[in-house]
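# A closer look at the structure
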Amino acid sequence: MLKDITIGQFFPGESVIHRLDPRFKIIITLIFIVMLFTGDSIICLAIGGVFTILSIILSRIPVKMFAKSIKPLLPFLLITAVLNLLFVSSGEIYWQWKFLKVTSDGINISVFMIIRIILLIAGSSLLTYTTSPITLTDAIERLLSPLKKFKLPVHELSMMMSIALRFIPTLIEETDKIMSAQKARGAEIDTGSLTTRTKNLISVMIPLFVSAFRRADELATAMECRCYNGGDGRTRLRQLKSSARDYIALGITVLFLVAVIVTDRIV
C-alpha cells in the first residue's frame, strides 16, 4: 500500500503540461478546484471530468500513476460515502431500518463526493507530477512575492513547502523499509486485533521519527555548508518566463470554469 502513494513525485517529460510555466500551473490548479466545487449538477461534474481527462492525456503520464495516488484513499472514500448514504435523511426514501435510511439525496451526495474527490486528487496530482520541486518553489515564491511588503518570509515559506513535498516519497520509502525490518524480527504489524496492530505500530513510528529528524539535521547542515542564508541576494539558474501557450492554457481553464458556472445557473 505504501508503495502506491505517489504524492510529491516528479515524472520528467516533454509534454505540453510539462512545458507550462509553473506559476500558471498553480493558478490553473486553483481554478480547477473551484470548478469542481462550484456546480451541483451532473453536467457540471462531467465538465470537470472532461477537463481532468484532457489534462491527463496531454501530460502523457500513465493512467496507472493516477490510480496509485487514488488507491490508498479508497477505504476513507467508501467509509465517508456509506455514512452519507445512511445518515442523510432528506429526499425520497428507498430503504429504512430504524434510524438508518437510504434516500435519493444520500445517494446523490455520496456519488458526487466520491467523483469530486477522485477528480480533485487526479487533477491536483498533475501539478507535482509535471513540475520539479525546484521550479515549484520558484513559482510559489514569485506568486507570493507581493506579501514581502508585509515582511513575510516568502522565500523561506516556499522552500519549506517544497522540501515537505520532496520528502514525502522519501519518508514513504523509509516507512516501508522499517516495516519490512520489523516484520523480519517477528513484529505482527498486519495481523492481530486493531488494538494489537496499533500498539505494534509504535515500533515503526519511533524509528521513522528518529530517521526524519536525522535527515532534517543533515539537510540543515548541508544548506549551512553551502552558505544558504534565505532569499536575500539569491539568484536563480532558470528564470521563469511565460509564453503564449501559458495564456492559452489559462484561457481554456477559465472557459471551462465559465461553462460550469453558466450550466449550474441554467440547470
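Up top you'll find the structure we're talking about.
Below: a short report on this structure. Every residue gets a number counted from 1 within its own chain, in the order that chain's sequence is written. The model is predicted, so local features are restricted to residues of pLDDT at least 70 and side-chain atom pairs to those at 80 or more, both for listing and for counting; the totals for chains, interfaces and linings are taken over all residues. Think of the side-chain values as coming from all heavy atoms in the structure, minus any hydrogens and water.

## Remarks on the overall build of the chain
As a reminder, the rule being used: Secondary structure follows DSSP: runs of H or I at least 4 residues long count as helices, runs of E at least 2 residues long count as strands, and numbering of each begins at the N terminus. Between buried and exposed lies partly exposed: a residue is buried under 20% and exposed over 50% of the maximum accessible area for its type, with that area taken using a 1.4 Å probe on protein chains only.
Summing up its helical and strand segments, the chain has eleven helices and two strands in all. The order of helices and strands in the chain, counted from the N terminus, is α-α-α-α-α-β-β-α-α-α-α-α-α. Each principal axis of the C-alpha distribution contributes one length, and for the chain these read about 65 × 60 × 40 Å. A burial count over the chain gives 36% of its 267 residues as buried.

## So, helix H8 (residues 154-184)
Note the following rule: To estimate how far a helix should reach, multiply one less than its number of residues by 1.5 Å. Fitting axes to the seven residues ending at a residue and to the seven starting there, one defines the bend at that residue as the angle between these axes.
Taking 1.5 Å of rise per residue, the 31 residues of H8 would be expected to cover 45 Å, and the 45 Å separating its terminal C-alpha atoms lies within 8% of that figure. The sharpest bend along H8 reaches about 35° and sits at Phe167, with the proline Pro169 one to four residues further on. Immediately beyond the C-terminal end of H8, within one or two residues, lies Gly186, with a positive phi of roughly 100°.

## Some remarks on unusual backbone geometry
One non-glycine residue with positive phi stands out, namely Arg60, at about 60°. The residue Arg60 is located in the loop between helix H3 (42-59) and helix H4 (63-70) in this model.

## Regarding the pairing of strand S1 (residues 93-97)
Put simply, side chains in a regular strand alternate between the two faces of the sheet. What counts here: At least two bridges found by DSSP between two strands is the condition for calling them paired.
As defined by bridge partners, S1 adjoins strand S2 (residues 100-103) across four bridges and the pair is classed as antiparallel. Each bridged residue has a counterpart across the sheet, and for Trp95 the counterpart in S2 is Val102. Between S1 and S2, which pair antiparallel in sequence order, lie two residues; one of them, Lys98, sits at a positive phi of approximately 55°.

## Concerning the pattern of salt bridges
Opposite charge on two side chains lets them pair, provided their charged atoms get close. Formally: Whenever a carboxyl oxygen of Asp or Glu lies within 4 Å of a side-chain nitrogen of Lys or Arg, that contact is scored as a salt bridge.
Tallied over the entire structure, the rule returns three salt bridges. Ionic pairing is found between Lys177 and Glu173, a salt bridge with its closest N-O pair at 3.6 Å. In this pair, Lys177 and Glu173 are both assigned in helix H8, four residues apart and thus about one turn of the helix distant.

## Digging into the packing of helix H7 (residues 133-144) against H8
Our working definition: Interaxial angle, 0 to 180 degrees, is taken between N-to-C directions of lines fitted to C-alpha atoms, where a helix line uses only the stretch in contact. By definition, any crossing whose near helix is turned counterclockwise from its far helix by less than a right angle is left-handed, and any crossing with a clockwise turn is right-handed. When checking whether two residues touch, look at their non-hydrogen atoms; a contact exists if any pair is within 4.5 Å. Charged residues are taken to be Asp, Glu, Lys and Arg, nonpolar residues to be Ala, Val, Leu, Ile, Met, Phe, Trp, Tyr, Cys and Pro, and polar residues to be all remaining types, Gly included.
Interaxial distance between H7 and H8 falls to 9 Å at its minimum, and their mutual angle equals 150°. Two packed elements cross with a definite hand, and for H7 against H8 that hand is right-handed. Packed against H7, whose contacting residues are Pro133, Leu136, Thr137, Ile140, Glu141 and Leu144, the element H8 presents Val154, His155, Ser158, Met159, Met161, Ser162, Leu165 and Arg166 at the interface. Residues that form the contact of H7 with H8 fall into these classes: eight nonpolar, four polar and two charged.

## Looking at a nonpolar patch on the surface
We apply this condition: Within this analysis, patches are made of residues with over 30% relative accessible area and no salt bridge. Like charges are joined at 9 Å or less; nonpolar side chains (Val, Leu, Ile, Met, Phe, Trp, Tyr) at 5 Å or less. Here the open area of atoms and residues is found with the Shrake-Rupley method and a 1.4 Å probe, where only the protein chains shown may cover a residue.
A cluster of nonpolar side chains, contributed by Tyr94, Trp95, Trp97, Ile107, Val111 and Ile115, occupies part of the molecular surface with about 580 Å² of accessible area. Counting only elements with at least two residues in the nonpolar patch, the list comes to S1 and helix H6 (104-129). Along the chain, Trp95 falls in strand S1.

## Observations regarding the nonpolar core
So the rule is basically this: We define the nonpolar core as a collection of buried residues of types Ala, Val, Leu, Ile, Met, Phe, Trp, Tyr and Cys that are connected through side-chain atoms lying within 4.5 Å of one another.
If you look at the biggest cluster of nonpolar residues, it comprises 19 residues, and the most contacted ones within it are Ile28, Met35, Phe51, Leu250, Phe256 and Val260. Those elements giving two or more residues to this core turn out to be helix H2 (22-38), H3, H6 and helix H11 (244-266). In this structure Phe256 touches Met35, Ile47, Val50, Phe51 and Leu54, once residues within four positions along its chain are discounted. By size, the runner-up hydrophobic cluster in this structure holds seven residues, among which are Ile56, Ile61, Ala122 and Tyr129.

## A look at H2
If you check H2, its first and last C-alpha atoms are 24 Å apart, about what 17 residues at 1.5 Å a residue would give, namely 24 Å. Of the residues making up H2, those classed as buried are Pro22, Arg23, Phe24, Lys25, Ile26, Ile28, Thr29, Ile31, Phe32, Met35 and Leu36. Lining the buried residues of H2 we find helix H1 (16-19), H3, H6, H7 and H11.

On their own, these measurements won't tell you what the molecule is for.
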